[in-house]
Amino acid sequence: YSKRLSRMPNGSVTLTYEGMTGGGEDFDLIRNFIEVDGKRIVEHQLFSLPKEMQGNGISKEVFRNLFTQYEKMGIDEVWVEANMSVGGYTWGKYGVSAKKFDAQNIVIEAYKNGKIGEDAYSELISAIKLYDGEYFPMNVIANKEYGKDILLKTKWDGRFSLHDKKQMDVLK
């Protein structure tokens, strides 16, 4: 494995960790530490695990440990881009919030594609519209019996506040 710490001219710091499984498959983790409007932010730029390592709790354990360190470092928020094959569902399960506009579009697409019926569609759209704030907690969708079908292969930008007790409770 290899790890690199790079300091950028703008003051941000990027941590890159690359490794290989015993079977020769790569795994990667890249984090960018920045400050925006006085907030200390970590951008989760990449986390990839070989298929053989997915689905058995490794990623959640990695993120729990990272978030414990983020708390100790005084990080305010974590920003993610949910994409790839399982990212939308995984980040949703972990309590990351998406812009309400993105959450609505995901639900609309799921309805159009027959992944959910009219009742589920109405329930989720109402929940999103009634939720206070700009961001909607995607675990509300992920925890539904049909949540995985809706969120797999979706793409959205997410935010996780380390000062939000509800979000932290979902991760723990």
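Here the structure is shown first, and the text comes after it.
These remarks concern the structure in this document. (Residues numbered from 1 in each chain as written. Predicted model: local features only at pLDDT ≥ 70, side-chain atom pairs only at ≥ 80, totals over all residues. Heavy atoms only, no water.)

Alternating positions in strand S8 (residues 156-161) separate cleanly, Trp 156, Gly 158 and Phe 160 being buried on one face and Asp 157, Arg 159 and Ser 161 remaining unburied on the opposite face. Bridge count for strand S5 (residues 77-82) against S8 is six bridges, and the pairing is antiparallel. Bridge pairing links Val 80 to Gly 158 in S8. Pairing between strand S6 (residues 97-99) and S8: two bridges, direction antiparallel. The residue bridging Ser 97 from the neighbouring strand is Arg 159, located in S8. (Buried < 20%, exposed > 50% of the residue type's maximum accessible area, 1.4 Å probe, protein only. Helix = DSSP H or I, 4+ residues; strand = E, 2+ residues; numbered from the N terminus. Pairing = 2+ DSSP bridges.)

Packing of helix H3 (residues 100-112) against helix H4 (residues 118-130) leaves a shortest axis separation of 10 Å and a crossing angle of 175°. Considering the angle they form, H3 stands roughly antiparallel to H4. For the pair H3 and H4, the contacting residues are Lys 100, Ala 103, Gln 104, Val 107, Ile 108 and Tyr 111 in the first and Glu 118, Tyr 121, Leu 124, Ile 125, Ile 128 and Lys 129 in the second. Here the residues of the contact of H3 with H4 are counted per class, giving eight nonpolar, one polar and three charged. (Axes fitted to C-alpha atoms, helices over the stretch in contact; angles between N-to-C directions. Parallel < 35°, antiparallel > 145°, perpendicular 65-115°, else oblique. Contact = heavy atoms within 4.5 Å. Nonpolar A, V, L, I, M, F, W, Y, C, P; charged D, E, K, R; others polar.)

Here H4 is 13 residues long and its end C-alpha atoms lie 18 Å apart, about the 18 Å a rise of 1.5 Å per residue gives. Residues of H4 that are buried include every one of Ala 120, Leu 124, Ile 125 and Ile 128, and no others. One face of H4 carries all of its buried residues, which in axial projection span an arc of 125°. Among the exposed residues of H4, those oriented more than 90 degrees off its buried face are Glu 118, Asp 119, Lys 129 and Leu 130. Its buried side turned inward, H4 meets H3, strand S7 (135-137), helix H5 (139-142) and helix H6 (147-151). (Expected span 1.5 Å × (residues − 1). Arc of directions from axis to C-beta.)

On to the pairing of strand S4 (residues 39-48). Across nine bridges, strand S3 (residues 26-36) lies against S4 in antiparallel orientation. Paired with Val 36 across the strands is Lys 39, a residue of S4. Here S3 folds back onto S4, and the loop between the two strands holds two residues, one of which, Asp 37, carries a positive phi near 50°. In this structure, S4 lies alongside S5, joined through four bridges in parallel fashion. In the sheet register, Glu 43 faces S5, and the bridge partner there is Trp 79. Remark: the S4/helix H1 (residues 58-73)/S5 crossover connection has right-handed handedness. (Right-handed = clockwise from strand over helix to strand, strands pointing away.)

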